[in-house]
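Close look at the chain arrangement
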Amino acid sequence: MSDLNALLHSRSFVELGARQRVAALLDRGSLRELLDPFARIKSPWLEAQGIVAQADDGVVVAKGSLGGRPAVVAAIEGNFQGGSLGEVGGAKIAGVLELAAEDNRNGIPTCAVLLLETGGVRLQEANLGLAAIAEVQAAIVELRQYQPVIGVVAGPVGCFGGMSIAAALCSHLLVTREARLGLNGPQVIEQEAGLDEYDSRDRPFIWSLTGGEQRFACGLVDAYVADDVVAIHDRLLAILEQPGEALPRSRQYARFLDLLGRYDAEPQADAAAVRALYQGDQA
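A quick note: this is a predicted structure, and the numbers were derived from the prediction, not measured. (Residues numbered from 1 in each chain as written. Predicted model: local features only at pLDDT ≥ 70, side-chain atom pairs only at ≥ 80, totals over all residues. Heavy atoms only, no water.)

**Regarding the overall build of the chain**
Helix and strand counts for the chain come out as eleven helices and seven strands. The C-alpha radius of gyration computed for the chain amounts to 19 Å, which stays within 12% of the reference 19 Å derived for 283 residues, consistent with globular compactness. When its C-alpha atoms are laid out on the principal axes, the chain stretches across 50 × 50 × 45 Å. Every one of the 283 residues in the chain was classed for burial, and the buried ones make up 46%. Of the contacts formed within the chain by residues at least 6 apart in sequence, a portion of 70% connects residues at least 24 apart. (Helix = DSSP H or I, 4+ residues; strand = E, 2+ residues; numbered from the N terminus. Rg over C-alpha atoms; globule rule 2.2 N^0.38 Å. Buried < 20%, exposed > 50% of the residue type's maximum accessible area, 1.4 Å probe, protein only. Contact = heavy atoms within 4.5 Å.)

Structure representation (structure tokens):
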């Protein structure tokens, strides 16, 4: 099949909404959404700011099976409040991860997939949102003792803030070319450091440093996949078949601190210098 035919027959994962992404990954007929919109659970903090709250708070959580294996999936809707997480959405993700851990303690080997499209904490929920993200992080660490927790960053919203730390805690992390991953978003860096340091409108520059391809080349993510539903689904199944025994990134802190200590941050970083650092080419 030619590249053109492959493109015409592919189905974009990035273009799907959160609920559609969950349905696309789980085995047909196995999806059972938990706390769906009819449960009417939504943030109490948005209405005061004139923001129309969604009944699912921009987070879809479900149980089902993935390649016949018990699984939970949590997906953040990047089109609602920039995928930001607050008290309710964070609690839903932490809760479904804790449910999977409880399954494992009861002899049901349940894995987890996190579909991360988020700018981080929802600022108007402040400490409540930060506490919820901390609960998500703790739940990831607990569950990965039993079964893989696989993070997927697919779309241009990316994964930033406290949820980028959650992504780094995952057993495995997948990205697409369209994805971005970083601790601080471009607008935040520009606001704090100035336009000369970081121009958030310079899309090629931003993707060259925080895009999926660069993060994979630097070894900060485990897989670089095409924006295609089948490709992402198949890679998830391959990981579950052979999860490997790689040391979690959260336990490689000494290596990362050493890299940072050797890097000269005075000149503006570029993609080549960062890649050389992580690939061990820089003295």
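**Side note on the pairing of strand 6 (residues 172–176)**
Taken across its five residues, strand 6 has five buried, putting it largely inside the fold. Burial along strand 6 is two-sided: H172, L174 and T176 and L173 and V175, pointing in opposite directions, are all buried. The handedness of the strand 5 (residues 149–153) to strand 6 crossover, carried by helix 5 (residues 162–169), is right-handed. With three bridges joining them, strand 6 and strand 7 (residues 223–225) adopt parallel strand pairing. Residue L174 lies in a different strand from strand 7, and its bridge partner there is A223. (Right-handed = clockwise from strand over helix to strand, strands pointing away. Pairing = 2+ DSSP bridges.)

**Some words on the layout of surface pockets**
Looking at the largest pocket, its volume works out to about 1,300 Å³. If you go around the largest pocket, you meet 31 residues; those closest to its centre are G182, L183, R215, L260 and Y278. Top contributing element to the lining of the largest pocket by residue count: helix 5, with five residues. Broken down by class, the residue content of the lining of the largest pocket amounts to 22 nonpolar, six polar and three charged. Taken together, domain 1 (9–246) and domain 2 (251–282) each give at least three residues to the lining of the largest pocket, which thus spans both. (1 Å grid on protein atoms, 1.4 Å probe; cavity = no way out; pocket = protein on both sides within 12 Å on 5 of 7 lines; lining within 4 Å. Points joined across faces, edges and corners; volume = space filled by probe spheres on them. Nonpolar A, V, L, I, M, F, W, Y, C, P; charged D, E, K, R; others polar. Domains from an automatic or database assignment.)

**Re the sheet that holds strand 3 (residues 69–76)**
Spatially, 1-2-3-4-5-6-7 is the arrangement adopted by the seven strands of the open sheet, whose pairing is mixed. Every interior strand has two partners, whereas the edge strands, strand 1 (32–34) and strand 7, have only one. Averaged over neighbouring strand pairs, the angle between their axes works out to 25° when direction is ignored. (Axes fitted to C-alpha atoms, helices over the stretch in contact; angles between N-to-C directions.)

**Considerations on the domain arrangement of the chain**
Partitioning the chain into structural domains gives domain 1 (9–246) and domain 2 (251–282). Put simply, the middle of domain 1 and the middle of domain 2, counted by C-alpha atoms, are 26 Å apart. In this complex, domain 1 contributes eleven residues to the contact, which on the side of domain 2 involves ten residues. It is Q214, A217 and C218 in domain 1 that bury the most area against domain 2; as a group they hold 44% of the surface buried on that side. Inspection of the region where domain 1 meets domain 2 yields zero salt bridges. Taken together, the elements giving at least two residues each to the side of domain 1 that touches domain 2 come down to helix 7 (203–210) and helix 8 (212–217). Among the residues forming the side of domain 1 that touches domain 2, the class breakdown is five nonpolar, two polar and four charged. (Buried area = accessible area lost by both parts, 1.4 Å probe. Salt bridge = Lys/Arg side-chain N within 4 Å of Asp/Glu carboxyl O.)

**Thoughts on the pattern of salt bridges**
Scanning the entire structure with this criterion turns up twelve salt bridges. Linking R19 and E33 is a salt bridge whose minimum nitrogen-to-oxygen distance equals 3.0 Å. One end of the pair, R19, is in helix 2 (residues 18–25); the other, E33, is in strand 1, and 14 residues separate them in sequence. One salt bridge connects D103 with K63, and the closest N-O pair in it is separated by 2.8 Å. On the criterion of sequence distance, the pair formed by D103 in helix 3 (residues 87–105) and K63 in strand 2 (residues 59–66) is long-range, its members being 40 residues apart. Judged by its relative accessible area of 10%, D103 is buried. Judged by relative accessible area, K63 falls into the buried class, the value being 17%.

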